[in-house]
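# An overview of the molecular structure
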Amino acid sequence: MSEEKNSPRRIPEKFPTGNRKHPKGRTWVRMILFLLAGFIAALAVFILVVLAGAFGKLPPYAELRSIQHPVASEIYSADGVLMGKYYIRNRQYLKPGEIPATLLDALIATEDTRFYAHRGIDIRSLGRVLVKTFLMGDSGSGGGSTITQQLAKNLYPRQDNGFLTLPVNKVKEMATAVRIEKLYSKDEILELYLSTVPFGGDTYGIKTASLRYFNKNPEALTTEESALLVGMLKATDLYNPAKHLDEALTRRNVVLGQMVKYNYLDSSAGDSLQRLPVRLKYSPLPHFAGIAPYFREYMRKELEGWCRTHKNSKGEPYDLYTDGLKIYTTIDSCLQ
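What this report covers is the structure whose coordinates are included nearby. As the structure is a computational prediction, the values presented were derived from the model and not from experiment. (Residues numbered from 1 in each chain as written. Predicted model: local features only at pLDDT ≥ 70, side-chain atom pairs only at ≥ 80, totals over all residues. Heavy atoms only, no water.)

### Here's the deal with the overall build of the protein chain
Under the convention used in this document: Helix and strand definitions here come from DSSP, where helices need a minimum of 4 consecutive H or I residues and strands a minimum of 2 consecutive E residues; each element is numbered from the N-terminal end. When a residue's accessible area, from a 1.4 Å probe over protein chains only, is under 20% of the maximum for its type it is buried; when over 50% it is exposed; and in between it is partly exposed. Contact criterion: two residues are considered in contact whenever any of their non-hydrogen atoms come within 4.5 Å of each other. In short, Shrake-Rupley with a 1.4 Å probe defines the accessible areas, and a residue's cover is counted only from the protein chains shown.
Counting its secondary structure elements, the protein chain contains 13 helices and five strands. Here the protein chain, with 336 residues, has 38% of them falling under the buried criterion. Considering only contacts within the protein chain whose residues lie at least 6 apart along the sequence, 65% involve residues at least 24 apart. By element, 58% of the accessible surface of the protein chain is carried by carbon and sulfur atoms, the whole surface being about 20400 Å².

Written out as structure tokens, the structure is:
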């Protein structure tokens, strides 16, 4: 037999054993991209469904143009002293010039640093929330709601939609914020926000809060007092200085630090203000407090009858508890 016949037979390799890599990495990339595209598509459909009114209609432009909220009616003595109030929610609207610049600085530095740059929605803040809060688990990184979105939430309290409550309300607040920005100037939005924001209990708006905690009108607030009230917005009960003075002081100093960070205060002024103690002049004014409570209760019944027979600018009977009436009596406060 020849040498060729005696040599062992070679079997061709069906599966080469070279260094070629299996494309697992590409498969994972395609899968991630597919899931991401599916998530974006589902999110877009969800937003469209919410905007279409499936979970309640958005407030129309006509309604937003004439924002009105319950305002406490005030009863005064003949010598101009506030005797008491009739209200459901203790709120007073601001007048032009009543908001000090330091209060606005504290608010913007703490709640919405790009307030004057966005049109209701801050994409950068939303990105921060997505990365730091959801992906990295940093609950202290802050929220993504702008001042305008917070105003929308104050104007239209959140509705219960089961497990979809948060996403549905967030989308509605964003859409409402965009509409508000189209109708009002930035200064008007700040004025509306500061007139409606809650400060715990029955206290609504910066004017009522200023009178309650410092017994003065907002225009007389000092920088550190403005910072304390703005600090309360994060958690009105936890940072209530009448209940938790130490926590309120710490939070006030955080706000002052934000003002330094964003150049509303220089560092030396910020350090000096942070060393100041909190000086409250707390003056709660519940329904029964104030001058001549029995007289005011008698007047309440008389005023309710008057309201039923007199109409406001809408052609509707006045509401003693929501229409912000100013009632002047013949009572002399010095004789009470």
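### Side note on the packing of helix H4 (residues 101-111) against helix H10 (residues 223-232)
Convention followed: Angles shown run from 0 to 180 degrees and are taken between the N-to-C directions of axes, each axis being a line fitted to C-alpha atoms and, for helices, limited to the stretch in contact. Just so you know how the angles are binned, under 35 degrees is roughly parallel, over 145 roughly antiparallel, 65 to 115 roughly perpendicular, and the rest oblique. Here a crossing is taken to be left-handed if its near helix is turned anticlockwise relative to the far helix by less than a right angle, and right-handed if that turn runs clockwise. Gly is put with the polar residues, along with every residue not named as nonpolar or charged; the nonpolar set is Ala, Val, Leu, Ile, Met, Phe, Trp, Tyr, Cys and Pro, and the charged set is Asp, Glu, Lys and Arg.
The N-to-C vectors of H4 and H10 enclose an angle of 40 degrees; their axes lie 9 Å apart at closest approach. Between H4 and H10, the crossing angle belongs to the class labelled oblique. Read as a crossing pair, H4 and H10 show a hand that is right-handed. Where H4 abuts H10, its residues Thr102, Leu103, Ala106, Leu107 and Thr110 lie against Thr223, Ser226, Ala227 and Val230. Each residue belonging to the contact of H4 with H10 can be placed in one class, and the counts come to five nonpolar, four polar and no charged.

### Some remarks on unusual backbone geometry
Backbone geometry at Asn215 places phi at a positive 55 degrees, although glycine is not the residue there. Of note, Asn215 is situated in the loop between helix H9 (206-214) and H10. One non-glycine residue, Asn263, lies in positive phi territory at about 65 degrees. Judged by relative accessible area, which is 68%, Asn263 ranks as exposed.

### Side note on the side chain of Asn312
Worth spelling out the cut-off: Definition of a polar contact: a pair of N or O atoms within 3.5 Å, with one able to donate and the other able to accept a hydrogen when the atoms are protein atoms, and with sequence-neighbouring residues admitted only if both atoms are side-chain atoms.
Relative to the helices and strands, Asn312 is located in the loop between helix H13 (293-309) and strand E5 (326-328). Here Asn312 falls in the buried class, since its relative accessible area comes to 17%. Reaching out from Asn312, the side chain makes a polar contact with the backbone nitrogen of Lys314 at a distance of 3.0 Å. Ignoring any residue separated from it by four or fewer positions in sequence, one finds Asn312 in contact with Pro317, Tyr318 and Asp323.

### Let's talk about the pattern of salt bridges
Defined as follows: For this analysis, a salt bridge means a side-chain nitrogen from Lys or Arg found within 4 Å of a carboxyl oxygen belonging to Asp or Glu.
Under the definition given, this model contains 10 salt bridges. Residue Glu98 is joined to Lys207 by a salt bridge in which the shortest nitrogen-to-oxygen separation is 3.1 Å. Here Lys207 lies in helix H9 and Glu98 lies in the loop between strand E3 (90-91) and H4, a separation of 109 residues in the sequence. Classification of Glu98 as buried rests on a relative accessible area of 7%. Relative accessible area serves as the criterion here: at 9%, Lys207 is assigned to the buried category. Arg158 is paired through a salt bridge with Glu173; the nearest N and O atoms lie 2.6 Å apart. Remark: Glu173 occurs in helix H7 (residues 165-183) and Arg158 occurs in the loop between helix H6 (147-155) and H7; sequence separation between them is 15 residues. A residue is classified by how much of its surface remains accessible, and Glu173, at 5% relative accessible area, is buried.

### Concerning the sheet that holds strand E2 (residues 82-86)
The cut-off we apply is this: Any two strands with at least two DSSP-identified bridges between them are counted as paired.
Strand order in the open sheet formed by three strands is E2-E1-E5, with mixed pairing between adjacent strands. Two strands bound the open sheet, and with one partner strand each, they are E2 and E5. In this sheet, adjacent strand axes meet at a mean angle of 20 degrees when their direction is disregarded. Where strand E1 (residues 73-76) meets E2, four bridges bridge the pair, whose relative direction is antiparallel. Bridging from a neighbouring strand, Ser73 pairs with Tyr86 of E2.

### Observations concerning the packing of aromatic side chains
Threshold: Any two rings among Phe, Tyr and Trp, with Trp reduced to its six-membered ring, count as a pair given centres within 6.5 Å; such a pair is stacked if its planes are under 30 degrees apart, edge-to-face if over 60, and tilted if neither. For a lysine, the NZ atom is tested; for an arginine, the CZ atom; a charge sits over a ring if that atom is within 6 Å of the ring centre and within 35 degrees of the ring normal.
Inspection of every chain in the model, using the stated rule, returns four aromatic pairs. An angle of 15 degrees between the planes, with centres 5.2 Å apart, marks the rings of Tyr76 and Tyr328 as stacked. One end of the pair, Tyr76, is in strand E1; the other, Tyr328, is in strand E5, and 252 residues separate them in sequence. By relative accessible area, Tyr328 is classed as exposed at 58%. Directly above the ring of Tyr239 sits Arg251, whose terminal nitrogen or CZ lies 5.9 Å from the centroid.

### Regarding the environment of Gly324
Within the secondary structure, Gly324 sits in the loop between H13 and E5. A relative accessible area of 24% means that Gly324 is categorised as partly exposed. Separated by 253 residues in sequence, Gly324 and Val71 have C-alpha atoms that sit 4.6 Å apart.

### So, the nonpolar core
In plain terms, the rule: Only buried residues count toward a nonpolar core, which is a set of Ala, Val, Leu, Ile, Met, Phe, Trp, Tyr and Cys residues joined through side-chain atoms within 4.5 Å.
Counting residues in hydrophobic clusters, the biggest one holds 41 residues, and the most contacted among them are Leu107, Ile180, Tyr193, Leu194, Phe199 and Leu229. Secondary structure elements with two or more residues in this core: H4, H6, helix H8 (186-196), H9, H10 and helix H11 (245-261). Ranked by residue count, the leading element in this core is H4, at six residues. The residues touching Tyr193, leaving out its near neighbours within four places in the chain, are Leu107, Ile147, Gln150, Leu151, Asn154 and Leu233. Among the nonpolar cores identified, the runner-up in size contains 11 residues, and Met299, Leu303, Leu325 and Ile327 belong to it.

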